[in-house]
Amino acid sequence: TQSTWANLQMLDISGNDIRDYGANKISNGIRYTTHLKTLNFSRNYIGENGLDGIAIGLSHTPNLTDLDLSGNHIKDNGADKICKCLRNVSNLQTLDVSYNQLRIHGADMISNALRFSPDLKTLDFRSNNLGDNGIHKISIGLQYNRNLQKLYLGDNHIGRSGAGSISSCLSFITNLEVLDISENKIGDRGAEMISNGLSYTPKLQILHLGKNYLGYKGASKICKLSSTISSLQTLFLR
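Parameters and conventions
- Residues numbered from 1 in each chain as written.
- Predicted model: local features only at pLDDT ≥ 70, side-chain atom pairs only at ≥ 80, totals over all residues.
- Heavy atoms only, no water.
- Pairing = 2+ DSSP bridges.
- Helix = DSSP H or I, 4+ residues; strand = E, 2+ residues; numbered from the N terminus.
- Axes fitted to C-alpha atoms, helices over the stretch in contact; angles between N-to-C directions.
- Parallel < 35°, antiparallel > 145°, perpendicular 65-115°, else oblique.
- Left-handed = near helix turned anticlockwise from the far one by under 90°.
- Contact = heavy atoms within 4.5 Å.
- Salt bridge = Lys/Arg side-chain N within 4 Å of Asp/Glu carboxyl O.
- Buried < 20%, exposed > 50% of the residue type's maximum accessible area, 1.4 Å probe, protein only.

Colleague: For the sheet that holds strand E4 (residues 94-96), give the residues involved together with the corresponding values.
Modeller: One open sheet accounts for nine strands, arranged E1-E2-E3-E4-E5-E6-E7-E8-E9; its pairing is parallel. Every other strand in the sheet has two partners, leaving strand E1 (10-12) and strand E9 (234-236) as the edge strands with one partner each. For this sheet, the mean angle separating the axes of adjacent strands, direction not counted, is 5°. The pairing of strand E2 (residues 38-40) with strand E3 (residues 66-68) spans three bridges and is parallel. The residue bridging Leu39 from the neighbouring strand is Leu67, located in E3.

Colleague: Any details on the packing of helix H8 (residues 187-197) against helix H9 (residues 216-226)? Residues and values, ideally.
Modeller: Contact pair H8 / H9: the axes reach a minimum separation of 7 Å and the direction vectors enclose 15°. It follows from the interaxial angle that H8 and H9 lie roughly parallel. Here H8 runs over H9; the crossing is left-handed. On H9, the residues touching Asp188, Ala191, Glu192, Ser195 and Asn196 of H8 are Tyr216, Lys217, Gly218, Lys221, Ile222 and Leu225.

Colleague: Any chance you could break down the pattern of salt bridges for me, citing the residues and the numbers?
Modeller: Within this structure, the stated rule accounts for six salt bridges. For Lys81, the salt bridge goes to Asp80, with nearest N and O atoms at 3.5 Å. For Lys81, a relative accessible area of 13% gives the class buried. The class for Asp80 is partly exposed, based on a relative accessible area of 30%. What emerges from the salt-bridge pattern is a single network uniting Glu48, Asp80 and Lys81.

Below is the structure:
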């Protein structure tokens with residue numbers, strides 16, 4: 001009933017099996033949750049049809065700040081529904097779309113929608129299949145998210161070209177505190193590009209570059225640069 005949802009501020013349905021049908025049913029109730037701040041739909045086998053319902057429900061949640069859609073079946077076909085979600089929640093601070101089989105088209109769609117979330121502080125794209133072209137799309141969108149503090153791009157088939165795109169966008173997100181590009185294949189040349197971009201992130205605290213085919217030159221470049229960032233507390237190169 002409407003009264004059941006009225007004062008709800010957090011809704012966590014993660015790790016179930018609600019799929020599209022369940023997502024649409026729950027979204028019918030979300031329209032009554034005007035105080036909702038945190039919504040977690042992760043690991044529920046939700047696809048594009050379920051996301052359509054979620055997007056409609058979110059049009060009634062003006063105070064939402066945290067949205068977790070990780071570990072579902074969004075894929076590129078559902079990316080436009082994520083765009084609808086972002087248009088409906090202008091105060092969003094955390095967006096997690098990791099583990100969703102997103103590729104370049106999905107990256108392009110979400111990148112275009114990032115402008116609707118100027119207060120975004122955490123963006124998690126881990127374990128998709130963005131590749132260099134997808135990362136390039138995301139890096140363009142990030143110019144609208146200058147308050148971003150945490151960026152997770154691990155395990156996305158990123159190579160040297162993608163590292164260059166990440167490096168370029170770092171000049172826009174100067175408040176970054178956490179950067180995860182682990183489990184990619186940027187190599188020494190990519191590491192050099194990343195180190196150049198990190199000169200714009202004086203607040204960086206955690207840098208994760210592990211499992212990136214770094215050699216002596218790349219690791220040395222990163223270590224040398226990290227010594228100039230006084231805020232850096234943790235560096236992963238393993």
